[in-house]
Amino acid sequence: MAMGPLTGSERRGRRAPMAEINVTPMVDVMLVLLIIFMVTAPLLVAGVPIDLPDTKAGALDQEVKPVQISIESSGAIFVDDRPVAAEALSPLLAQIAGGARDEGGPRIFLRADRSLDYGRVMQLMGEINAAGLRKVALVSVSGDRK
């Protein structure tokens with residue numbers, strides 16, 4: 001009997017290959033990964049916690065270069081690294097505002113020397129506002145510089 005072909009009863013005694021996939025180990029691994037990600041995700045957020053308001057505003061157009069207005073400690077005004085006389089500033093700002101595609105004009109980066117009088121900076125901001133430019137950002141450097 002040992003040398004002949006296997007009959008049906010003898011074949012059942014041996015282990016037949018299992019055709020099913022055991023998903024239990026895969027589910028266990030996925031649950032462990034899920035717990036790891038749930039624990040580490042809040043740790044990945046860095047920065048100052050701020051409660052920001054909801055808005056319907058679109059994303060900023062990053063292709064448009066902002067206009068940089070700088071005031072030196074001597075009071076000299078520069079628009080995009082070009083010196084501008086104080087009396088020529090208002091017409092130039094009106095021209096910048098007139099060429100804008102959207103309401104409020106292009107973004108303005110205002111850079112002022114720290115030794116300037118606060119009133120002088122506010123006067124320039126008033127001229128920018130009077131020209132119809134509403135998107136003004138004050139530029140500063142990080143506190144690490146001495």
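Everything below is about the structure printed above this text.
This text gives an overview of the structure that appears in the document. Because the structure is a prediction, the values reported are computed rather than measured.

What follows is about the environment of proline 83. Tracing the backbone through its elements, the reader meets proline 83 in strand β3 (residues 82-84). You can call proline 83 exposed: its relative accessible area is 64%. Sequence-distant contacts of proline 83, that is, excluding residues within four places in its chain, are made with Ile77 and Phe78.

Further remarks concern the packing of helix α3 (residues 86-98) against helix α4 (residues 118-130). Contact geometry for α3 and α4: axes closest at 9 Å, N-to-C directions at 40°. In this view, α3 runs oblique relative to α4, as classed from their interaxial angle. You can see that α3 and α4 cross each other, and the crossing is right-handed. From α3, Leu89, Ser90 and Leu93 reach across to α4, where they touch Leu124, Glu127 and Ile128. Class assignment for the residues of the contact of α3 with α4 results in four nonpolar, one polar and one charged.

Quick look at the pairing of strand β1 (residues 67-71) now. For β1, a buried count of four out of five residues is recorded, marking the element as mostly surrounded by other parts of the structure. Bridging between β1 and strand β4 (residues 108-112) involves five bridges; their strand directions are parallel. Paired with serine 70 across the two strands is arginine 111, which belongs to β4. Sheet analysis places β1 next to strand β2 (residues 77-79), joined by three bridges and oriented antiparallel. Each residue of the ladder has a partner; that of isoleucine 69, found in β2, is valine 79. Two successive antiparallel strands, β1 and β2, enclose a turn made up of five residues, where glycine 75 displays a positive phi of approximately 100°.

With mixed pairing, the five strands of this open sheet are ordered in space as β3-β2-β1-β4-β5. Of all the strands in the sheet, the pair left with one neighbour each is β3 and β5 (136-138). Between one strand axis and the next, the sheet turns by 30° as a mean value, whatever way the strands run. Its contacts with the sheet place α4 against β1, β2, β4 and β5, and it is angled at close to 160° to β4.

Criteria and cut-off values
Residues numbered from 1 in each chain as written. Predicted model: local features only at pLDDT ≥ 70, side-chain atom pairs only at ≥ 80, totals over all residues. Heavy atoms only, no water. Helix = DSSP H or I, 4+ residues; strand = E, 2+ residues; numbered from the N terminus. Buried < 20%, exposed > 50% of the residue type's maximum accessible area, 1.4 Å probe, protein only. Contact = heavy atoms within 4.5 Å. Axes fitted to C-alpha atoms, helices over the stretch in contact; angles between N-to-C directions. Parallel < 35°, antiparallel > 145°, perpendicular 65-115°, else oblique. Left-handed = near helix turned anticlockwise from the far one by under 90°. Nonpolar A, V, L, I, M, F, W, Y, C, P; charged D, E, K, R; others polar. Pairing = 2+ DSSP bridges.

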